[in-house]
Amino acid sequence: MNTLGLPARARYFCTVTCDADAVEALGWAAERDLAVLVLGGGSNCVFTGDVDGLVIHMGIQQRSIQGDRIEFGAGENWDAAVRFSIDQGFSGLECLALIPGSVGAAPVQNIGAYGVELCQLAPRVRVWDRHAQQSRWIDSAEAEYGYRDSLFKRDIGRFLILSVSLKLSRQAPDLPSYPDLQAELSALAAPSARDIADAVTRVRRRKLPDPAVLGNAGSFFKNPIVVIGVARELKAQYPEMPQFPHQGEVKLSAGWLIDQCGFKGAVRGSVGVSPAHALVLVHHGGGTGQDLMALAREIQRSVFERYGVQLEPEPRVI
Ligand SMILES: Cc1cc2nc3c(=O)[nH]c(=O)nc-3n(C[C@H](O)[C@H](O)[C@H](O)COP(=O)(O)OP(=O)(O)OC[C@H]3O[C@@H](n4cnc5c(N)ncnc54)[C@H](O)[C@@H]3O)c2cc1C
């Protein structure tokens, strides 16, 4: 149940398919003083050992449309939700096609791809708040979304996400500005949301290893963000270093830093770095989460020694 294919066992496990199930499972764990881990598709988790508590697998399936909003149950598959929205004549989600995992996990790290982040779609998130012991809606302002970050990620364990409501559009979609997508769409005069989602799907299939074939969790590190002064010093020393403006600071490319340190295609026993994509750590089978984290630390050390930049893992390490 994790796309890295790492071995881990849960002491207790259940799948919940409605709000009442979820609340009952949380109560059951509280009575026994057990830690709780909510699991969707397991595509953003690194298991370094067994889970001594209750794993609640999110299985709530629900789709309802009201005006320009669609509310999806947290257990819906994300890509299926994207495709459903397009089938219903909406645009907005097309650039986020083929991101693995569940709808309920999408707000946790504010998923993003091709210049679009979940937070731009004005998500309202219905949660069970374990502090307040009640269900309530959390809007974008309260969720404090950031780059691969949110209140749900920072205050981990407090909120169980039950459903996500997204504000979509009936207008023609904005055209993506990324060159590889533009090349893919060049034959079409006015690409539809479906055309864009299909192009995104093709490009992603070419670029990223399929977790069903080779265990991985997508990008393993966040792109580091540094202040302008640090970025200038780095650029002076390494003129070829890619840098992107980011809300008054500068975003660096974690993949480029890792590649420059010679890790692309590296193998350490049963784990390694994808030969196609330096940001993707892979599990060839027969290894453990400890093996993977040892490689992650080796990469962090190497990048820090060479560039003075600290890489932060994107997935949750458990
Ligand atoms: C090949 C590949 C490509 C990827 N590409 C991208 C990409 O382009 N952009 C991107 O942003 N991410 C990407 N990812 C990462 C991943 O797909 C996303 O983070 C996704 O949202 C994780 O969903 P999940 O259901 O698998 O989450 P899980 O791994 O099950 O959980 C992730 C975190 O969310 C928590 N969580 C899950 N469900 C709930 C819930 N209902 N309530 C509260 N907390 C919950 C978990 O406890 C955990 O902390 C990629 C991963 C892979 C394997």
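Worth saying up front: this structure is predicted, and the values here are computed from it rather than measured.

Draft legend 1. Expanded view of the overall build of the chain. Summing up its helical and strand segments, the chain has nine helices and 19 strands in all. For 318 residues, the compact-globule estimate of 2.2 N^0.38 gives 20 Å, and the chain sits close to it at 20 Å. Taking the principal axes of the C-alpha coordinates as reference, the chain spans close to 55 × 50 × 40 Å. In the chain, which comprises 318 residues, the share counted as buried stands at 39%. Excluding contacts between residues fewer than 6 apart, the proportion of contacts in the chain whose partners are at least 24 apart in sequence is 63%.

Draft legend 2. Highlighting the site of the ligand. Within the structure, the ligand sits among 34 residues, and Gly 40, Gly 41, Gly 101, Gly 104 and Gly 218 are positioned closest to it. For the shell around the ligand, the residue count by class is 20 nonpolar, 13 polar and one charged.

Draft legend 3. Main features of the sheet that holds strand β18 (residues 280-283). Pairing is antiparallel across the open sheet formed by four strands, whose spatial order is β12-β18-β17-β16. With one partner strand each, in any of the chains shown, β12 (215-219) and β16 (267-268) form the two edges of the open sheet. Running over the sheet, helix α9 (residues 289-307) touches β16, β17 (271-273) and β18 and is turned about 150° from β18.

Draft legend 4. Structural detail: the sheet that holds strand β14 (residues 243-246). With antiparallel pairing, three strands are arranged side by side in an open sheet as β13-β15-β14. Of all the strands in the sheet, just β13 (225-226) and β14 have a single pairing partner and so form its edges. Bridge count between β14 and strand β15 (residues 249-252): four bridges; the pairing is antiparallel. Bridge pairing in β15 places His 246 opposite Glu 249.

Draft legend 5. Representation of the pairing of β12 within the structure. A large share of β12 lies buried, amounting to five of its five residues. The sheet contact formed by β12 and β18 spans three bridges and is antiparallel. Paired with Ser 219 across the two strands is Val 280, which belongs to β18.

Draft legend 6. Layout of the domain arrangement of the chain. Under the domain assignment, the chain is made up of domain 1 (10-58), domain 2 (64-167) and domain 3 (215-317). The interface is formed by seven residues belonging to domain 1 together with nine residues belonging to domain 3. Across the side of domain 1 that touches domain 3, the residue classes break down as three nonpolar, four polar and no charged.

Draft legend 7. Spatial organisation of helix α6 (residues 193-207). Here α6 spans 21 Å end to end across 15 residues, near enough to the 21 Å set by a 1.5 Å rise per residue. Ala 193, Ile 196, Ala 197, Ala 199, Val 200 and Val 203 are the residues of α6 that are buried. All buried residues of α6 lie within an arc of 160° about the axis, which places them on one face of the element. Of the exposed residues in α6, those oriented more than 90 degrees away from the buried face are Arg 205 and Arg 206. Tucked inside the fold, the buried residues of α6 contact α2 (78-87) and α5 (179-185).

Draft legend 8. Spotlight on the nonpolar core. Ranked by internal contacts, the top residues of the largest apolar core, which has 52 residues, are Ile 56, Val 82, Leu 160, Ile 161, Val 164 and Val 200. Those elements that provide at least two residues to this core are α1 (19-31), β2 (35-39), β4 (51-58), β6 (69-73), α2, β9 (124-129), β11 (159-167) and α6. In this view, Val 200 contacts Glu 94, Cys 95, Ala 97, Leu 98, Tyr 114 and Leu 181; residues no more than four positions away in its chain are not counted. Core analysis: the second largest hydrophobic core is formed by 30 residues, Leu 4, Leu 6, Leu 252 and Val 282 among them.

Draft legend 9. Main features of α9. Taking 1.5 Å per residue, 19 residues should reach 27 Å; α9 reaches 27 Å between its end C-alpha atoms and fits that length. Regarding α9, the residues found buried are Gly 289, Leu 292, Leu 295, Ala 296, Ile 299, Val 303 and Tyr 307. For α9, the arc enclosing every buried residue in end-on projection is 125°, short of the 170-degree limit, so these residues lie on one face. More than 90 degrees from the buried face of α9, the exposed residues found are Arg 297, Arg 301 and Glu 305. Those residues of α9 that are buried lie in contact with β3 (45-46), α7 (228-237), α8 (254-260), β16, β17 and β18. The positive-phi residue at the C-terminal boundary of α9 is Gly 308, with phi of around 70°.

Draft legend 10. Main features of the environment of Gly 42. Tracing the backbone through its elements, the reader meets Gly 42 in the loop between β2 and β3. Setting aside residues up to four positions removed in sequence, Gly 42 forms contacts with Met 1, Asn 2 and Thr 3.

Draft legend 11. Structural detail: unusual backbone geometry. Backbone geometry at Tyr 114 places phi at a positive 50°, although glycine is not the residue there. Take Tyr 114: it is sitting in the loop between β7 (112-113) and β8 (116-117). Note on Tyr 114: 18 C-beta atoms within 10 Å, which makes it partly exposed. A positive phi angle is found at Arg 148, which is not glycine, with a value near 50°. Here Arg 148 lies in the loop between α3 (140-143) and α4 (151-154).

Cut-offs and rules
Residues numbered from 1 in each chain as written. Predicted model: local features only at pLDDT ≥ 70, side-chain atom pairs only at ≥ 80, totals over all residues. Helix = DSSP H or I, 4+ residues; strand = E, 2+ residues; numbered from the N terminus. Rg over C-alpha atoms; globule rule 2.2 N^0.38 Å. Buried ≥ 20, exposed ≤ 12 C-beta atoms within 10 Å, placed from the backbone. Contact = placed C-beta atoms within 7 Å. Near = placed C-beta within 6 Å. Nonpolar A, V, L, I, M, F, W, Y, C, P; charged D, E, K, R; others polar. Pairing = 2+ DSSP bridges. Axes fitted to C-alpha atoms, helices over the stretch in contact; angles between N-to-C directions. Domains from an automatic or database assignment. Expected span 1.5 Å × (residues − 1). Arc of directions from axis to C-beta. Core = buried A, V, L, I, M, F, W, Y, C linked by C-beta atoms within 7 Å.

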